[in-house]
Amino acid sequence: GEDVEQSLFLSVREGDSSVINCTYTDSSSTYLYWYKQEPGAGLQLLTYIFSNMDMKQDQRLTVLLNKKDKHLSLRIADTQTGDSAIYFCAESISDRGGGADGLTFGKGTHLIIQP
Amino acid sequence: NAGVTQTPKFQVLKTGQSMTLQCAQDMNHEYMSWYRQDPGMGLRLIHYSVGAGITDQGEVPNGYNVSRSTTEDFPLRLLSAAPSQTSVYFCASSRTSGNNEQFFGPGTRLTVL
């Protein structure tokens, strides 16, 4: 079955790096995603990684994928107050374009920034 | 492009009432989905559609109906609302190929008394 697990809270100091972790159980996952949700808003795609990759970097964001351990992480360098949000890990096991049968989401990690 | 739009933003219903949550996208996306978000539960898929005229059930379909008569619109119907359907509902759409990015609407906050 599909299950995506994340810790519920992460607290970091402004300027430090944040590392949000996620584990998943379905080894047939094709794409793995990180979404950001600010209070009262919808979900915004931050980045994604295809399952045959092990790392992807995009400005302050670094995604690491360990397929053997089914572990995904999102590192945010130089964390700012604007990074305060809920971060969702999600997987798609569909090999059809567009994730047609939807994504399986984790419960979300609340990132709290301390001044 | 307006992206994915949802109406209404907020709604309060009494148990047993019916209503339709509207979702529209102007990106010519084939795929559309409805999720509900509950505290501590993440997002769960209710129904999805791979194109006009085609719909299928997700993880939590009971109590909800959908239809997809056009590419642009994907309404979600609650035929007889129950307090357990109090939630925030998100509509999403995505292309037919590529990195599978789903674009989300701003959400509808529904309370059933």
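Residues numbered from 1 in each chain as written. Chains lettered and ligands numbered in written order. Predicted model: local features only at pLDDT ≥ 70, side-chain atom pairs only at ≥ 80, totals over all residues. Heavy atoms only, no water.

Some words on the overall build of chain B
The secondary structure content of chain B amounts to zero helices and 11 strands. Sequence-ordered secondary structure for chain B, helices as α and strands as β, is β-β-β-β-β-β-β-β-β-β-β. A globule of 113 residues ought to have a C-alpha radius of gyration of about 13 Å, and chain B, at 13 Å, matches this closely. Principal axes of the C-alpha set define a box for chain B whose edges measure 40 × 30 × 25 Å. Here chain B holds 113 residues, and the buried ones make up 49% of them. Counting contacts in chain B only where the partners sit at least 6 residues apart, residues at least 24 apart contribute 53% of the total. Accessible area of chain B: about 5,100 Å², with a carbon and sulfur share of 50%. (Helix = DSSP H or I, 4+ residues; strand = E, 2+ residues; numbered from the N terminus. Rg over C-alpha atoms; globule rule 2.2 N^0.38 Å. Buried < 20%, exposed > 50% of the residue type's maximum accessible area, 1.4 Å probe, protein only. Contact = heavy atoms within 4.5 Å. Areas by Shrake-Rupley, 256 points an atom, 1.4 Å probe, with all protein chains shown as cover.)

Side note on the sheet that holds strand β8 (residues 76–78) of chain B
Residue and element names in this part refer to chain B. An order of β1-β3-β8-β7 is seen for the four strands of this open sheet, with the pairing classed as antiparallel. Each end of this open sheet is capped by a strand with a single partner; those strands are β1 (4–7) and β7 (64–66). Shown here is a sheet whose adjacent strand axes are inclined to one another by a mean of 20°, direction ignored. Examined bridge by bridge, β7 and β8 share three bridges and lie antiparallel to one another. Bridged to Val66 within β8 is Leu76. (Pairing = 2+ DSSP bridges. Axes fitted to C-alpha atoms, helices over the stretch in contact; angles between N-to-C directions.)

Side note on the pairing of strand β4 (residues 31–37) of chain A
Residues and elements named next belong to chain A. Burial analysis of β4 places seven of its seven residues in the buried class, which makes it a mostly covered element. Residue alternation in β4 divides its side chains into two sets, Tyr31, Tyr33, Tyr35 and Gln37 and Leu32, Trp34 and Lys36, and both sets are buried. Both β4 and strand β5 (residues 43–50) contribute to a ladder of seven bridges, which runs antiparallel. Among the inter-strand pairings, Lys36 is bridged to a residue of β5, identified as Gln44. Following β4, the chain reverses through five residues before pairing antiparallel with β5; Gly40 in that reversal takes a positive phi of roughly 70°. As paired strands, β4 and strand β9 (residues 85–92) are joined by seven bridges and run antiparallel to one another. Each residue of the ladder has a partner; that of Gln37, found in β9, is Ile86.

Some details on the layout of surface pockets
Quantified by volume, the largest pocket comes out at close to 570 Å³. Taken together, 31 residues form the lining of the largest pocket, with Gln37 and Gly40 of chain A together with Gln37, Val88 and Arg109 of chain B sitting closest to its centre. When residues of the lining of the largest pocket are traced back to their parent elements, those giving at least two are β9 and β11 (109–114) of chain A together with β4 (31–38), β9 (87–94) and β11 (108–112) of chain B. Examining the composition of the lining of the largest pocket, we find that four residues originate from one element, β11 of chain B, more than from any other. Split into classes, the residues belonging to the lining of the largest pocket amount to 13 nonpolar, 13 polar and five charged. (1 Å grid on protein atoms, 1.4 Å probe; cavity = no way out; pocket = protein on both sides within 12 Å on 5 of 7 lines; lining within 4 Å. Points joined across faces, edges and corners; volume = space filled by probe spheres on them. Nonpolar A, V, L, I, M, F, W, Y, C, P; charged D, E, K, R; others polar.)

What about the packing of aromatic side chains?
Scanning the entire structure with this criterion turns up 12 aromatic pairs over all chains. Taking 6.2 Å as the distance between ring centres and 85° as the angle between the ring planes, the aromatic pair formed by Phe88 of chain A and Phe105 of chain A counts as edge-to-face. One end of the pair, Phe88 of chain A, is in strand β9; the other, Phe105 of chain A, is in strand β10 (residues 104–105), with 17 residues separating them in the sequence. Neither residue differs from the other here; Phe88 of chain A and Phe105 of chain A are each classed as buried. With centroids separated by 6.1 Å and ring planes inclined at 75°, the aromatic side chains of Phe105 of chain A and Phe104 of chain B adopt a geometry described as edge-to-face. You can see Phe105 of chain A sitting in strand β10 and its partner Phe104 of chain B sitting in strand β10 (residues 103–104), one on each of two chains. (Phe/Tyr/Trp six-rings, centres within 6.5 Å; stacked < 30°, edge-to-face > 60°.)

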